[in-house]
Amino acid sequence: MDVSQRYSEAWEGFWAATSDEPGEAIWDADPSLSAAPHSELLLPYADAALPVVDLGCGNGTQTRYLSTRFARAIGVDLSHAAIGHARRADTEGVAEFAQLDLTEGGVVRALHERIGDANVYMRAVIHQSEAESRPAVAAAVATLLGARGRAFVAELTPASKAVLRQAAQGPDGPPKKLRRVYDHGLKPADATEEEVPELLRAAGLTILDSGDTALPQTEQLPDGTRIDLPARWFVLAAG
């Protein structure tokens, strides 16, 4: 299946309107707050000699960091504009980037055939995907892992909605970066508490480890503290 035209255009519009400035997207946290600690959770289970594929890589901030921990890093994103950001930011050419729709099973299988079994890093993709597309996104993770790969998946929980409501209660309404998310029709924290682990299991994935965490954002609450969105993380194997 393909994502809807509305969904695709929403992401293309968001990234086309985003500058190359680091942190311009609200979720574009420094890797020291994101991919670095996430790698520490994944690597005890993963073979770092395998490639890592960053699903929903956006502007590639985390992908570039992952290239320092794995033999090869590949970032893929639905948005052509996002891939443009990622390639421009990767001035040293440490990673590879490609536009890819995770719901197109044939395209995902072709990537697996090209690179072999791979590790997967996916941060906050399922929760904002269209409900009918979420099973295909989970299936893409399983396809890319093959027999040897391992995945780290982190997804916002519904508790994030309360934090986002709090962020929107400043005197001027939502802060600029959060307002841009809503203005482009994107819906954060749209999955239920149990939906994500159920989707992962239904895709044939085994949960090796999991826990609660928060995904730091690049925007602040009205009192000036950083927005940290409640999330759950999973380390996964296929089969």
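Going along each chain's sequence as written, the residues are numbered from 1 onward. Totals for whole chains, interfaces and linings use all residues, but because this is a predicted model, local features are given only for residues with pLDDT of at least 70 and pairs of side-chain atoms are given and counted only at 80 or more. Calculated side-chain values reflect all of the structure's heavy atoms, with hydrogen atoms and water omitted.

**Overview of the environment of Gln217**
Move 1: Among the secondary structure elements, Gln217 is positioned in strand β6 (residues 205–220).
Move 2: On the basis of relative accessible area, Gln217 is assigned to the buried category, the value being 9%.
Move 3: For the pair Gln217 and Leu145, spaced 72 residues apart in the sequence, the C-alpha separation amounts to 28 Å.
Move 4: If sequence neighbours within four positions are ignored, Gln217 has contacts with Ile26, Trp27, Arg226, Ile227, Asp228 and Leu229. We count a stretch as a helix when DSSP gives it H or I for four or more residues in a row; a strand needs E for two or more, and each element gets its number in order from the N terminus. Buried, partly exposed and exposed residues are distinguished by accessible area as a fraction of the type maximum, computed with a 1.4 Å probe on protein chains only: under 20%, between the cut-offs, and over 50%, respectively. By the convention used here, residues are in contact when the closest approach between their heavy atoms is within 4.5 Å.

**Here we look at helix α4 (residues 80–89)**
Move 1: Listing the buried residues of α4 in full gives Ala81, Ala82, Ile83, Gly84, His85 and Ala86.
Move 2: Distance and chemistry together define a polar contact, namely a pair of N or O atoms within 3.5 Å, with one atom able to donate a hydrogen and the other to accept it when in protein, and with adjacent residues in sequence counting only for side-chain atoms on both sides. With a side-chain oxygen lying 3.2 Å from the backbone nitrogen of Ala81, the N-terminal cap of α4 falls on Ser79.

**Quick look at the side chain of Lys177**
Move 1: Summarising the element assignment, Lys177 is placed in helix α8 (residues 176–183).
Move 2: Lys and Arg are tallied as positive, Asp and Glu as negative. Neither His nor the chain termini are counted. Should a side-chain nitrogen of Lys or Arg be within 4 Å of a carboxyl oxygen of Asp or Glu, the pair is scored as a salt bridge. For the buried Lys177, which has no salt bridge, the nearest side chain bearing the opposite charge is Glu219, at an N-O separation of 5.2 Å.
Move 3: Within the structure, the side chain of Lys177 is placed 2.9 Å from the backbone oxygen of Thr218, a separation counted as a polar contact.
Move 4: Sequence-distant contacts of Lys177, that is, excluding residues within four places in its chain, are made with Gly23, Glu24, Ile26, Thr218 and Glu219.

**Thoughts on the sheet that holds strand β3 (residues 96–99)**
Strand pairing in a sheet takes place through backbone hydrogen bonds and is either antiparallel or parallel in direction.
Move 1: Only strands joined by at least two bridges in the DSSP assignment are considered to pair. The seven strands lie next to each other as β3-β2-β1-β4-β5-β7-β6, forming an open sheet whose pairing is mixed. With one partner strand each, in any of the chains shown, β3 and β6 form the two edges of the open sheet. Direction aside, neighbouring strands of the sheet carry axes that sit 20° apart on average.
Move 2: Note: strand β5 (residues 150–156) against strand β7 (residues 226–238), seven bridges, orientation antiparallel. Along β7, the bridge assignment pairs Ala151 with Leu236. As a rule, the C-alpha atoms of each element are fitted with a line to give its axis, helices using only the stretch in contact, and angles between N-to-C directions run from 0 to 180 degrees.

**Looking at the pattern of salt bridges**
Move 1: Considering all chains together, one arrives at nine salt bridges under this definition.
Move 2: Here Glu194 ties to Arg232 by a salt bridge, and the two come within 3.7 Å at their closest N and O atoms. Of this pair, Glu194 sits in the loop between α8 and α9 (195–202) while Arg232 sits in strand β7; the two residues are 38 residues apart in sequence, bridging distant segments of the chain.
Move 3: The exposure class assigned to Arg232 is buried, which follows from its relative accessible area of 18%.
Move 4: With its nearest N and O atoms 2.7 Å apart, the salt bridge here joins Arg226 to Asp228.
Move 5: According to the relative accessible area criterion, Arg226 is partly exposed, its value standing at 38%.

**Things to note about the pairing of β5**
Move 1: Most of β5 sits inside the fold, with six of its seven residues counted as buried.
Move 2: Across four bridges, strand β4 (residues 119–123) lies against β5 in parallel orientation. Counterpart to Val120 in the pairing with β5 is Ala151.
Move 3: Seen with the strands pointing away from the viewer, any crossover whose path from the first strand over the helix to the second strand runs clockwise is right-handed. Crossover connection from β4 via helix α6 (residues 134–145) to parallel β5: handedness right-handed.

**Side note on the pairing of β7**
Move 1: As paired strands, β6 and β7 are joined by 12 bridges and run antiparallel to one another. Residue pairing for β7: Ile207 is matched across the bridge by Leu236.

**A short note on the packing of helix α1 (residues 5–16) against α4**
Move 1: At a closest axis distance of 7 Å, the pairing of α1 and α4 adopts a crossing angle of 35°. Mapping the contact onto sequence places Glu12, Trp15 and Ala16 in α1 and His80, Ala81, Ala82 and His85 in α4.

**What to know about the packing of aromatic side chains**
The relative placement of two aromatic rings is captured by the distance of their centres and the angle of their planes.
Move 1: Whether two aromatic rings pair depends on their centres lying within 6.5 Å, for rings of Phe, Tyr and Trp, where Trp uses its six-membered ring; planes under 30 degrees apart make the pair stacked, over 60 edge-to-face, and the rest tilted. Summed over the entire model, instances satisfying the criterion amount to eight aromatic pairs.
Move 2: When the ring of Tyr7 is compared with that of Trp11, the centres are 6.5 Å apart and the planes differ by 70°; the resulting orientation is edge-to-face. Placement of both Tyr7 and Trp11 in helix α1 is noted, with a separation of four residues, approximately one turn of the helix. This pair shows no difference in class: Tyr7 is buried, exactly as Trp11 is.

**Focus on empty space enclosed by the protein**
Move 1: The rule is simple: put a 1 Å grid over the protein atoms alone, call a set of points where a 1.4 Å probe fits but cannot get out a cavity, call an open set with protein on both sides within 12 Å along at least five of seven lines a pocket, and count a residue as lining if it has an atom within 4 Å of a point. Grid points are joined across faces, edges and corners, and a volume is the space filled by probe spheres set on the points. Taken as a whole and assessed by the stated rule, the structure comprises two cavities of 30 Å³ or more.
Move 2: Elements represented by at least two residues in the lining of the largest cavity include exactly α1, α3 (61–66), β2 (73–77), β4, α8 and β6.
Move 3: When residues of the lining of the largest cavity are assigned to their parent elements, the largest contribution, three residues, is made by α1.
Move 4: Side-chain classes are defined by residue name, with Ala, Val, Leu, Ile, Met, Phe, Trp, Tyr, Cys and Pro counting as nonpolar, Asp, Glu, Lys and Arg as charged, and the others, Gly among them, as polar. Counted by class, the lining of the largest cavity contains 23 nonpolar, 12 polar and six charged residues.

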